[in-house]
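Examination of the molecular architecture
Residue-level listing of the chains:
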Amino acid sequence: MKYLLLILFFGIQFNCIAGQADSIQKRGESIELYSSSNFSIGSTHVPLSFFKKNYFGGFINDNDKGNNNYINKIQRSGLELDINIGLKIHNSKNNINGWYFSFQNMITSGLSYRQGLFDLIFRGNNNIRNDILLSKTSFHFRNHQIFHFGKFYERFSLGLSLGNILQEVNGNFGNNDLIGVSDPYSWDIVVNPNFELVENTSNLLNKNGNSLGLDMKYKGVSSSNKFKYDIEIKNLGLILLYKNIKKMNYDTSFIFSGLTVDELSDINNFSNDLTGNFEPKITNKDHWLVTPFIIKADVLYQINKIGVLGGLFFRNNSQYLPMSYMGINYKNHTKIEYGTKLYYGGYNHLQWGVNASYNSKRIKSELSLQNCFSLIPSLATSFGLLLKLSWKIT
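Values in this document were obtained by computation on a predicted structure and should not be read as measured data. Sequence order sets the numbering: in each chain, residues are counted from 1 along the sequence as written. Local features in a predicted model are, by the rule used here, given only for residues with pLDDT of at least 70; side-chain atom pairs are given and counted only at 80 or more, and totals for whole chains, interfaces and linings are based on all residues. With hydrogens and water set aside, each side-chain value is computed from the structure's full complement of heavy atoms.

A few words on the overall build of the protein chain. Helix and strand counts for the protein chain stand at 6 helices and 22 strands. Burial status follows relative accessibility: with a 1.4 Å probe on protein chains alone, a residue under 20% of its type maximum counts as buried, one over 50% as exposed, and anything between as partly exposed. Within the protein chain, the proportion of its 394 residues that are buried is 41%. Residue contacts follow a heavy-atom distance rule, with two residues in contact if any of their heavy atoms lie within 4.5 Å. Residue pairs in contact within the protein chain that sit at least 24 positions apart in sequence constitute 66% of those at least 6 positions apart. Looking at the protein chain as shown, the accessible area adds up to about 22100 Å², and 60% of this sits on carbon and sulfur atoms. Strands are runs of DSSP state E lasting at least two residues, helices are runs of H or I lasting at least four, and both sets are numbered from the N terminus onward. The accessible surface values rely on the Shrake-Rupley method and a 1.4 Å probe; as for residues, cover is taken only from the protein chains in view.

This brings us to the pairing of strand 16 (residues 294–303). Note: two strands are recorded as paired if DSSP finds a minimum of 2 bridges between them. Taken together, the 8 bridges between strand 11 (residues 227–241) and strand 16 define a ladder with antiparallel strand orientation. Bridge assignment links Ile231 to a residue of strand 16, and that residue is Ala297. In terms of strand pairing, strand 16 meets strand 17 (residues 306–315) through 10 bridges, oriented antiparallel. Each bridged residue has a counterpart across the sheet, and for Ile295 the counterpart in strand 17 is Phe314. Once strand 16 ends, the chain turns through 2 residues before running back antiparallel as strand 17, passing Asn304 with a positive phi of about 55°.

Inspection of helix 3 (residues 48–56) places Leu48, Ser49, Phe50 and Phe51 among the buried residues, and these make up the whole buried set. Tucked into the core, helix 3 has its buried residues touching strand 1 (30–43), strand 2 (74–90), helix 4 (115–122) and strand 22 (382–392). Of the residues flanking the end of helix 3, it is Gly57, one or two places downstream, whose phi is positive at about 95°.

Before going further, it helps to spend a moment on helix 4. Of all the 8 residues making up helix 4, 6 are buried; the element is thus mostly covered by neighbouring parts of the structure. Within helix 4, the full set of buried residues consists of Gln115, Gly116, Leu117, Phe118, Asp119 and Leu120. Gly124 occupies a position one or two residues after helix 4 and carries a positive phi of about 90°.

Right, here's the structure in full:
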């Protein structure tokens, strides 16, 4: 229902904007609608077929589980869905200054874990003879709605971001946590995990937390207009969680040697007794977090029709490895440009992507496939798709 309301909201906004286009044009102003949608899923070790079968169903065979690496190697897996819809109102004097307003729905999920923990869950402990370390094991899931607004100039923009925290889940294990499986019939478990979660509410506006952040972007260009660069910081600020915060923290160690016959015969009561000891504590005490801000930098050097480009991307508090890329674009037409890029980082390792863009006086569009190998799900470990659109109405 909330997504239907959002669609209706922005549909009404766009209709109102279009309806006022004539009056805006009389004042000499121009207005631009834009959208950006980015979806990606990836892992440093398991192929896309693993995620596909987990979501759609199917038998997970050994090939779907990826390579069997060193058990204490750190692996990562994650998913991101980032949708932005907004508008720019250009100044009547020079058409390069003005105001911007946008709505963002950001959903991300990430895990950092040891290879041995994955093997223990999906392959069993038959081939594991060493302790599985749980240090640097962490995860998150979040769903944030963020409203951005501010002022933009020819080379600089500055604004604020106001967020509704629909869901925020974070968890990590202690530096000395481990699972000892040297004896296949008796496991030594030493754990000190910390879990914290805030769930969504049925109220459209009154949530369990909010955020406030700063948006900044600077664009530079050389005197010859061949070298261009931009640096962007988005949603740099704080999150305030203030009610219905569920927290779990347990410092414990025990030996697990299987279930008794009585426990197996009465598995429901045993399960209730076990989970009853791990019930979360609910608190309404204010809790502050740093926002999952991003830092992004891009450079472009244009040589006639060929552009050589590169960049960096970092997202805070998300198990996301800083990502870098480099690539080449070719402009064979005044309006059409296409190219290829190599990416490294994020929730995976090396990716080879392709992109194409169309630019006219009123319409701009860009489509990027971040990993061509994703067309073969049994081989690729990531998939990413980016779509950008903008329409200058007046």
